[in-house]
Each structure stands twice: as C-alpha cells, then as structure tokens.
Amino acid sequence: MSELTATHFLTLSAALFIIGMLGVLIRRNVLVIFMCIELMFNAVNVSFIGFAWEQHSLVGQTFALFIIAVAAAEAVVGLGIIMALSRRLDTVDIDQVHELRE
Amino acid sequence: MANWIFLIPLAPLIAAVVNFIFGRWYLRDRAHWLAILGVAISFGVSVAVVAQVARDEVALSQHLYTWIPAGDFQVPVTLTVDQLTAVMLLVVTGVSLLVHIYSVGYMHGDPGFYRFFAYLPLFVFSMLMLVLANNYLLLFVFWEAVGLCSYLLIGFWYRRRSAAQAAKKAFVVNRVGDFGFGLGVMLIFVHLGTLEYTGVFAQVGALPQGTITAIALLLFTGAIGKSAQIPLFVWLPDAMEGPTPVSALIHAATMVTAGIFMVARSWPIFAASPDAMLVVAIIGAATAFVAATIGLTQYDIKKVVAYSTVSQLGYMAFALGSGAWVAAIFHLTTHAFFKALLFLGAGSVIHAMHDEQDMRRMGGLKRHLPLTYWTFLIGSAANAGIFPLAGFWSKDEVIVGAWVGGRPIVAIVGLVAALFTSLYMFRVVFLTFHGPERFDAHTVHPHESPPVMAVPLLILSVGAVFAGFLGVPPERGVFHRFLEPVFSGHGAEVHHVSTATTLTFGLISTAVALAGLGLAYAAYVRGAIKPAVVAARLGPLYQLAYRRWYFDEIYEALIVHPLYRLSVWLWRVVDIGIIDGAVNGVAGLVNFTAQRWRRVQTGLVANYALAIALGTVIIVGVYLIVGSTLFQ
C-alpha cells in the first residue's frame, strides 16, 4: 500500500469526469444527463481537493465549497428547465427535443 | 437704403415658401395675392435702391453672412447693387410684377394655380440673387437655381408628354453650358484664389493670355446654354411648352438674359482676351442670323416669337463681342419690354382662340381683339426696329457698336437679320390679325382678354414705345451715362461714334425694317408675292430653315442616339449582367454553402455535446503535444 498522492486524486477525478462526460454524450434521459453534469462538476471538485491536500492550502477547499454552492444554484435552474420541458413536451427523452432544428 | 437690399430677394422667397406649404390646402386660388405682394415689395425696394444708386453714383452693398470661410478663401453672401445690377433689378422685378398680374387671368381655373404662384416667385428670387451676387460662386448657385425654376415651369403641365420632354431637354442642354461655366469658375479660383468680382477683375490682367481666353470661353459656354446661342439654342423653342406667362417672363425677358448679364458683368475678363471676344461676336452674329431665318418659316405663333428671342439674344451677344457693353444691356432692357409684350399678346391670342397656336388657323383677329392687336403691333414694330420705338434705338446701337468695334461683317449680318426680323414679325401680325378668318367661326368665338390681362399689356406697350428714349441721343443718353461707371477702368476701350455714322446706320436700319414690313405686306396682305411659290423656289434653303437647320436631327443622330444605345448596353450588359450578377452571385453562393452546412444542425443535443467534447479533446490534445513549445 503506497502513500496517498495527488496522482490518486487526479486519477479518480479524471475517471469521474470521463464517466460523467460519456453519460452526457450517450444517455438520452434529460435527468440522467443532468446528473452526469453534476458528476463532472464534482470530478473537478475532487481535483481541487486533491491539490489542496498536496499543497496544504485552503484555497482549493474554498474553491470546492464555492463550486458546491454554484452547483446548487445551477441545479435549481437546471431542474426547473427539466420540469418545464417535461410539462410542455411530456417527455424527458432529449432526442425528442429538437425544436430549434428548423 | 443699403440695409434694405435684403428685402428685394427675401419678399418673393417668402411668398414662394408660403405658397408651397399652404397653397395646396389653404390658399388654392388665392395664392396669387401673396406672390404679387412679394414681387411688388421687391419692385418697390428696388426702385428706392436704384434711385439712391443713381443719385450717389456709388454701388451699394449689404453683407449678409459668410457662406464659406476657409482660411484666405472667403465666399461672402453679399448683395451688391451697382449700376448694371440696378438695371437688371428694375427689368426683373418690373416685368415679373406685370407677368404675375397677367398670370392671374391667364392661369385662372388651372388646377396647379397655387403651384404656379409658388414657382414664379421662386424664380424671381433666384434671378434677383443672381444679379445681386458679388462673387462667381453665388452667381453659379443661382444660375443653377433659375435653371431649376425654368425646368419646373416648362414642365408645369407635366401630364403632357411634350411638356415633360421639353423640360427635360431644357435641363439637359443647359447642363452642358453650365458644366463649362463651372469649369470657368474653377479656373478663376485656381489661378486667382478668389471669386469676388472686384478681386478677380483687379488681378485678371496679370494672367497669361491663354489662361484669360480659356476662362472667358468657359464662362461664355455657360452663356451659350442659358442665353440660347448656337449651338445650344435648341431648348428655348421647345420651352414654349410652358404656360405663356412663363415664356414671357423666363424665356424672353429675364432668365435667358442671365448669360448676357454674366458676360457683361465679367467684361474685364472678356476685354482682356481679343480671341474670346471674336468668338462671342461670331457666335452671336450666327445666332442672330440663323434664328431669324428659322423664325421666317414657322407657323406656331409662340415658336416665331421664341426664335425671335433667340435672334435678339444673338444681337446682344455680338454687341458684347464687339465691346459694345452698354449697347448690349440697352438692347436687353428694351427687349425685355417688347418681348414680354409680344409673348403676353401671343398668350392673349392663344387664350382667345381656345389654345390654338397655329397661325394658319387664325387670321382676321383684329376685329375681335382690338386691344391685343394694337399692343401686339407695337411690340412687333419695336422688335422689328421701326422708328421711333424701343427696338429701333437699341438694335441700331448694337449694330453701330459692332461696326465701330471693328467687326463690319458682324454688323452687316446684323442688318440682314434685321430685315428678316422685320419680315417675320409682320408676317405674324398679318397672318394672325389681318386677312380672312381661317378658323371655324361656329366653334371658336374669339373674345378679348379680361382687364387683369389687358392692363399689363398696356403698361408693357408704353415701355415698348418709350424705353428706347433712355438711350437718346445715341451713345450719350441717360442710360449710357448711368452705366458708364461700370464699364470703365480695367483698360476699357471707348469708341466714339461720329454723328454721321449714327445717322447713316439709323437710316439704313430704318430702310431695312421698312423693307421687311413692305415684303410682309406684299406677301401676306396683298398677295403680290406668293409665300408658297417663294418657298418652292428656294427649295433646300427653305427646308433648311423650316427644319431649324437640322440642329435637332444632328443632335439626335450624333449625341442622343449613341448615348441611348450606350445606355441600353450599360443597362443590359453592365447593370443586369455584371452588377446584378455580382450581387445575386454572392447571395447565391452564400445560399449554396448554407444549404450544405445546415445539415450539421441536427437538433439532437447529443450531437452538439459530442461536438463540444471532441472540440475540447482536440484543443487539450494539441495543447499537450505542442503547448510546451508555444508558451515559453
């Protein structure tokens, strides 16, 4: 068992980010896509924490807290849009929403 | 009085503006009151100003403002009244006032009544500014303005195709002359750096001879256009499409004399260039002769009077070209009276005959229109130069001026043209007023004009009789003494005319005028000479005159037709093919490209997200590979 380093944090962060990104690209359910976006946010948070741990600095943690706050606000807006969308089009399938095409 | 000069142009301007704005809905058939009031104020102030100029023998001027202040170069709007301007002021405002009054009767009931009484004061304003200007730029501006008014009034009955065409023709032909005039003004500016008359005349002598000649000829080009000299006179006869009072005011008495006025005003420039003077004299003499021959053959009463105008303008031009400045202005003044009279008389005839203008369908009108007959007769006699009417004194002086100015051939041409003048003038009188009635008496009932038209005729005929006495005795009359200060200095040559010469020429021109009268009498009253036989015997010569020396045909073939063809080519090939093609081609290309690219917009969020992700990956990838070298 080797010592915990920034590399471990970054590996985790990258894995989470890629999972989130693939989710956004592949899944069709708006709600799932939204959760994947949250996953990407938090992947970034993990890398901030990792650097903060490595550097013994509070700056990274402060950033992480800020991002959580911003993500909360963004979640409100995002969920609101999803609510409006499902009410209006009666679907959460992203491929059904293409009104801007023509 | 100098502080009141501004009222002279301002009063007609206000009348014009008010009639333009309120005429259509509010003033309608009352529009003439304001116009007449404006011109009357103008006339009154002019008389007062001119009286002061005559008393003090100094030029008055009023500086209004500086139009273009650019370093050393100033274009002031300054109204200056010297003796020459004074004469023009009285002629312009006086004749205008009478024509305005006459028009009330002539234009009565016309749907464009208010419009007529907006254009007419506007013309008076422009013409007054033209004569009051103290520099060439201001002169040029109002030179163009009178051209515009002329265009508007020729095309006054714009629903008539021929009127619209004539207006266009006048405008375009005048542009040719104005272009030369504009170049002349620029040449003055380039060489002298000023455009004010006094400055220009003081320095012009120092220029090289070639430059002076170029300036003089370019300025004269403008006069050729505006004063209807050969080869640009073709617009004036067509301008008769306008209402007759317009013909009287603009195309006989005032505007067409602007060219003569301008040359007289610029006399130090012309006097400094003998070559230019020779050209002016030759063109003037040719115009006087050619127009007189054409006048002999026309049947439209207004056309004859119009060609007579061209011919008389030719007299003025050759007087200028012979250095007889005062004689030219004198002839201009007397001509204004009798030509306005002739046109208004012709208008009265046309009015009485229900818009018939062809003299072959008139005749015997003396009985029906006594007043018109007598006034027209006075005008004709004055124009023909019958002693002692106005035209005799001035025309005689013009011819003597050419003789003593060293241009005997020009003087002889002038005498020959005088014979024709007398012949065609009395031809009109006899064809119109004498002989059998050649109109259908059942449908046409000639009636004398109302008083509002008759009174101006009477006043003008008084002028046509007595205006000539201003210049008596010849060369030393009131008129000459008045104008003398303008035409002295700057190396002016003064030709003294012996009494014998004056008398000789007086006798010759009287004989010539009477010969013309006699010929006309023999041909058109007694029938001793058959005009048709003479015409047939002259053959091609008659055709040449009847077809107006083919000027219109030559222009049509040499200028109008090629230009038309060029325009069609420009339209079909350059405009539609190249310009429209380029514009439409660009739009088509954009459309084509867009049609291809719009496929990218699938509307599927997944695709957009993929594009973003791939883009990010590519950017990050590039950065990882080469970034280390990029940002060092």
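Just so it is clear, the model here is predicted, and its values are computed rather than measured.

Draft legend 1. Region of the structure containing the overall build of chain A. Counting secondary structure elements, chain A contains three helices and zero strands. Secondary structure elements of chain A, listed N to C terminal, follow the sequence α-α-α. Along the longest, intermediate and shortest principal axes, the C-alpha atoms of chain A span 55 × 25 × 25 Å. Counting across all 102 residues of chain A, residues that qualify as buried make up 15%. The long-range share in chain A, meaning contacts at least 24 apart out of those at least 6 apart in sequence, stands at 50%.

Draft legend 2. Quick peek at the overall build of chain B. Regarding its fold elements, chain B presents 25 helices and two strands. Counting only C-alpha atoms and orienting by the principal axes, one finds that chain B spans roughly 115 × 65 × 55 Å. Put simply, chain B has 632 residues, and 51% of those count as buried. Across chain B, the fraction of contacts at a sequence separation of at least 24, relative to all contacts at a separation of at least 6, is 80%.

Draft legend 3. A look at helix α1 (residues 6-26) of chain A. All names here are of chain A. For α1, built from 21 residues, the straight-helix expectation of 30 Å at 1.5 Å per residue is met to within 8% by its first-to-last C-alpha distance of 30 Å. What α1 keeps buried is the set Ser13, Gly20, Met21 and Val24. Projected onto a plane normal to the axis of α1, the buried residues spread over an arc of 95° and lie on a single side. Turned more than 90 degrees away from the buried face of α1 sit Thr7, Ala15 and Leu22, all of them exposed.

Draft legend 4. Examining the pairing of strand β2 (residues 73-81) of chain B more closely. All names here are of chain B. In this structure, strand β1 (residues 60-70) lies alongside β2, joined through nine bridges in antiparallel fashion. If you follow Ser61 over to β2, its bridge partner there is Thr80. Here β1 hands over to β2 after two residues, with Gly71 in that stretch at a positive phi of 60°.

Draft legend 5. Fine view of the nonpolar core. Grouped together as the largest cluster of nonpolar side chains are 214 residues, with contacts concentrated most on Ile260(B), Ala328(B) and Ala340(B). The biggest single contributor to this core is helix α15 (residues 325-352) of chain B, with 18 residues. Residue assignment places this core across two domains, with domain 1 (1-134) and domain 2 (135-546) of chain B each supplying three or more. Ranked by size, the runner-up nonpolar core spans seven residues in total, among them Met21(A), Phe34(A), Cys36(A) and Ile94(A).

Draft legend 6. Seen up close, the domain arrangement of chain B. Domain annotation of chain B identifies domain 1 (1-134), domain 2 (135-546), domain 3 (547-590) and domain 4 (602-632). Of note, the centres of domain 1 of chain B and domain 4 of chain B, computed from C-alpha atoms alone, are 79 Å apart.

Draft legend 7. Seen up close, helix α2 (residues 31-56) of chain B. For α2(B), which comprises 26 residues, the first-to-last C-alpha distance of 38 Å matches the rise-based estimate of 38 Å (1.5 Å per residue) to within 8%. Backbone geometry just after α2(B) places Glu57(B) at a positive phi near 55°.

Draft legend 8. Region of the structure containing unusual backbone geometry. All names here are of chain B. Residue Ile230 is joined to Pro231 through a cis peptide bond whose omega torsion reads 5°. In this structure, Pro231 sits in the loop between α8 (209-226) and α9 (235-238). A cis geometry characterises the amide bond from Phe387 onward to Pro388, with omega recorded as 0°. Mapped onto the fold, Pro388 is located in the loop between α16 (370-384) and α17 (390-404). Positive phi values are uncommon outside glycine, yet His354 reaches one of about 55°. Structurally, His354 can be placed in the loop between α15 and α16. The exposed category is assigned to His354, around which 12 C-beta atoms lie within 10 Å.

Draft legend 9. Up close: the packing of α1(A) against helix α2 (residues 30-55) of chain A. All names here are of chain A. Look at α1 against α2: their axes get within 8 Å of each other, and the N-to-C directions meet at 165°. Relative to α2, the element α1 is oriented roughly antiparallel. Taken as a pair, α1 and α2 cross one another with a handedness that is left-handed. Of the residues contributing to the contact of α1 with α2, the split by class is 20 nonpolar, six polar and one charged.

Draft legend 10. Inspection of the packing of helix α1 (residues 7-27) of chain B against α2(B) at higher detail. Residues and elements named next belong to chain B. α2 packs onto α1 with a crossing angle of 180° between their chain directions and a minimal axis gap of 8 Å. Here α1 is positioned roughly antiparallel relative to α2, judged by the angle of their axes. Residues Leu7, Ile8, Ala11, Pro12, Ile14, Ala15, Val18, Asn19, Gly23 and Leu27 of α1 touch α2, and the partners they reach there are Ala31, Leu34, Ala35, Leu37, Gly38, Val39, Ile41, Ser42, Val45 and Ser46. Grouping the constituent residues of the contact of α1 with α2 by class yields 15 nonpolar, five polar and no charged.

Draft legend 11. Representation of the environment of His32(B). Residues and elements named next belong to chain B. Among the structural elements, His32 can be located in helix α2. Once the C-alpha coordinates of His32 and Arg565 are considered, the two residues, 533 residues apart in sequence, prove to be 45 Å apart. Apart from the residues within four sequence positions on either side, His32 is in contact with Val104 and Phe117.

Draft legend 12. The environment of Ala276(B), seen in detail. Structurally, Ala276(B) can be placed in helix α13 (residues 274-297). Sequence separation between Ala276(B) and Ile619(B) is 343 residues; the distance between their C-alpha atoms is 80 Å.

Draft legend 13. Geometry of the confidence of the model for chain B. Put simply, chain B has an average pLDDT of 89, and 99% of its residues get 70 or more. Here the predicted complex carries an ipTM of 0.78, next to a pTM of 0.80.

Definitions and limits used
Residues numbered from 1 in each chain as written. Chains lettered and ligands numbered in written order. Predicted model: local features only at pLDDT ≥ 70, side-chain atom pairs only at ≥ 80, totals over all residues. Helix = DSSP H or I, 4+ residues; strand = E, 2+ residues; numbered from the N terminus. Buried ≥ 20, exposed ≤ 12 C-beta atoms within 10 Å, placed from the backbone. Contact = placed C-beta atoms within 7 Å. Expected span 1.5 Å × (residues − 1). Arc of directions from axis to C-beta. Pairing = 2+ DSSP bridges. Core = buried A, V, L, I, M, F, W, Y, C linked by C-beta atoms within 7 Å. Domains from an automatic or database assignment. Axes fitted to C-alpha atoms, helices over the stretch in contact; angles between N-to-C directions. Parallel < 35°, antiparallel > 145°, perpendicular 65-115°, else oblique. Left-handed = near helix turned anticlockwise from the far one by under 90°. Nonpolar A, V, L, I, M, F, W, Y, C, P; charged D, E, K, R; others polar. pLDDT = per-residue confidence, 0-100.

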